[in-house]
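Understanding the architecture of this molecule
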Amino acid sequence: IDGDDAHALVGDTYYKTLVGDLDGALESVERATSILPNLDEAWFARGWVQMLLGNPHQSVKSIKRSMRLCPILNTVKFGVLATAYRNAERYEEAIQTFNDCLKRFPDFIYAHSGLAVVYGLKGDNPAAEREVNEVLAIDPGYTIERFITPNLYRDKSIMGRCADALRSAGMPEN
């Protein structure tokens, strides 16, 4: 890989993240953002890696910067930003972001399942159950196992808490 090519470094970031080398991923994406500070994809990747490393507040800042650099929003940007808010226990912002996503992409299953998790973590089981029902209306075969796989977080218990929230809301196990 060309260590001076920000685009290649972003690709390396994604590869390293998927194979479990989060520290290497962070190193690659930090280099990418220093080489090309206006590359929105580098800031998004940085936010994703920061979230997986357990730094959700920094993740939110990086993802929001990515969204300012390229305001064309997609499900992935919405989903990762909302998840970073959830991990930072900024539940109202997570709910708002997932709902903003659903206004544009009403059948995005991860936004519905992500809302179910947030509502479950907040203790609002009726709202969590409604979102689980939305998920199952879109995909009757959707399960907790599918939501939590793969678990790329350094702290594996994060997805355990998500599974517990979905379980409480009636999501099938597997």
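Summary of the structure given here. Sequence positions are assigned chain by chain, starting from 1 and proceeding in written order. A pLDDT threshold of at least 70 governs which residues receive local features in this predicted model, and a stricter bar of 80 or more applies before side-chain atom pairs are shown or counted, although totals over entire chains, interfaces and linings include all residues. To obtain the side-chain values, all non-hydrogen atoms of the structure were included, while hydrogens and water were left out.

1. Considering the overall build of the protein
By the criteria applied, helices consist of DSSP H or I runs no shorter than four residues and strands consist of E runs no shorter than two, each listed in order from the N terminus. Across its full length, the protein carries 10 helices and 0 strands. The order of α-helices and β-strands along the protein, N terminus first, is α-α-α-α-α-α-α-α-α-α. The globule rule used here is 2.2 Å times the number of residues to the 0.38 power, and the radius of gyration it is set against is calculated over C-alpha atoms. Computed over C-alpha atoms, the radius of gyration of the protein comes to 16 Å, within 12% of the 16 Å expected from 2.2 N^0.38 for 174 residues, which places it in the range of a compact globule. Along the first, second and third principal axes, the C-alpha set of the protein runs to 50 × 30 × 25 Å. The contact criterion used is simple: two residues touch if any of their non-hydrogen atoms lie within 4.5 Å. Across the protein, the fraction of contacts at a sequence separation of at least 24, relative to all contacts at a separation of at least 6, is 55%. Carbon and sulfur atoms make up 51% of the accessible area of the protein, which totals about 8300 Å². Across the protein, the 19 positively charged side chains and the 24 negatively charged ones have centroids separated by 5 Å. Using the Shrake-Rupley algorithm and a 1.4 Å probe, accessible areas are obtained, with residue cover drawn only from the displayed protein chains. Think of it this way: Lys and Arg go in the positive column, Asp and Glu in the negative one, and His and the chain ends go nowhere. We put the charge of a Lys on NZ, of an Arg on CZ, of an Asp on CG and of a Glu on CD.

2. Some points on the layout of surface pockets
Over the atoms rolls a probe the size of a water molecule, and in doing so it shows where empty space is left. Size it by volume and the largest pocket reaches roughly 560 Å³. Forming the boundary of the largest pocket are 25 residues, of which Trp48, Val80, Tyr110, Phe147 and Pro150 lie nearest the centre. Within the residue set of the lining of the largest pocket, elements represented by two or more residues are α1 (6-18), α3 (40-53), α5 (75-87), α7 (109-122) and α9 (144-148). Class assignment for the residues of the lining of the largest pocket results in 18 nonpolar, 5 polar and 2 charged. Volume-wise, the second largest pocket comes out at about 190 Å³. If you go around the second largest pocket, you meet 13 residues; those closest to its centre are Arg86, Asn87, Glu89, Ile158 and Arg161. Of all the secondary-structure elements, those providing two or more residues to the lining of the second largest pocket are α5 and α10 (157-168). Ranked by the residues each element gives to the lining of the second largest pocket, the list is headed by α10, at 3 residues. Points on a 1 Å grid over protein atoms alone make up a cavity when a 1.4 Å probe fits among them but cannot get out, and a pocket when they form an open set with protein on both sides within 12 Å along at least five of seven lines; lining residues each have an atom within 4 Å of a point. Grid points are joined across faces, edges and corners, and a volume is the space filled by probe spheres set on the points. Ten residues, namely Ala, Val, Leu, Ile, Met, Phe, Trp, Tyr, Cys and Pro, are considered nonpolar, four, namely Asp, Glu, Lys and Arg, are considered charged, and the remaining ones, Gly among them, are considered polar.

3. Observations concerning the environment of Ala116
Mapped onto the elements, Ala116 comes out in helix α7. Excluding residues that lie within four positions of it along the chain, Ala116 makes contacts with Ala128, Glu131, Val132 and Leu166.

4. Observations concerning the side chain of Thr33
Mapping Thr33 onto the fold places it in helix α2 (residues 22-35). In this structure the side chain of Thr33 is engaged in a polar contact, spanning 3.0 Å, whose partner is the backbone oxygen of Glu30. Any pair of N or O atoms that falls within 3.5 Å is considered a polar contact. Within protein, one atom must be able to donate a hydrogen and the other to accept it, and sequence-neighbouring residues count only if both atoms are side-chain atoms.

5. Here we look at the packing of α7 against helix α8 (residues 125-138)
When two helices pack together, their arrangement is given by the angle between the helix axes and by the axis-to-axis distance. Working convention: axes come from line fits to C-alpha atoms, limited for helices to the stretch in contact. Angles between N-to-C directions cover 0 to 180 degrees. With their axes 8 Å apart at the nearest point, α7 and α8 run at an angle of 160° to one another. Viewed along their axes, α7 and α8 adopt a mutual orientation that is roughly antiparallel. Of the two possible hands of crossing, α7 and α8 adopt the one that is left-handed. Residue-level contacts link Ile109, His112, Ser113, Leu115, Ala116, Tyr119 and Gly120 of α7 to Asn125, Ala127, Ala128, Glu131, Val132, Glu134, Val135 and Ile138 of α8. Geometric relationships in this document are graded by angle, where less than 35 degrees denotes roughly parallel, more than 145 denotes roughly antiparallel, 65 to 115 denotes roughly perpendicular, and other angles denote oblique. Less than a right angle of anticlockwise turn of the near helix away from the far helix marks a crossing as left-handed, whereas a clockwise turn marks it as right-handed.

6. Here's the deal with the pattern of salt bridges
What makes a salt bridge here is a side-chain nitrogen of Lys or Arg within 4 Å of a carboxyl oxygen of Asp or Glu, nothing more. Applying the stated criterion to the full structure yields 11 salt bridges. Taking the shortest distance from any N to any O, the salt bridge between Asp40 and Lys77 comes out at 3.6 Å. Within this pair, whereas Asp40 is found in helix α3, its partner Lys77 is found in helix α5, the two being separated by 37 residues in sequence. Categorising residues by exposure relies on relative accessible area from a 1.4 Å probe, with only protein chains included: less than 20% of the type maximum marks a residue as buried, more than 50% marks it as exposed, and the intermediate range marks it as partly exposed. The exposure class of Lys77 is buried, given its relative accessible area of 4%. A salt bridge links Asp100 to Lys103, with the shortest nitrogen-to-oxygen separation between them at 3.7 Å. Here Asp100 and its partner Lys103 are both found in helix α6 (residues 91-104), 3 residues apart, which amounts to about one turn of the helix. Given a relative accessible area of 22%, Asp100 falls into the partly exposed group. Taken together, the shared-partner salt bridges in this structure form one network comprising Asp164, Arg167 and Glu173.

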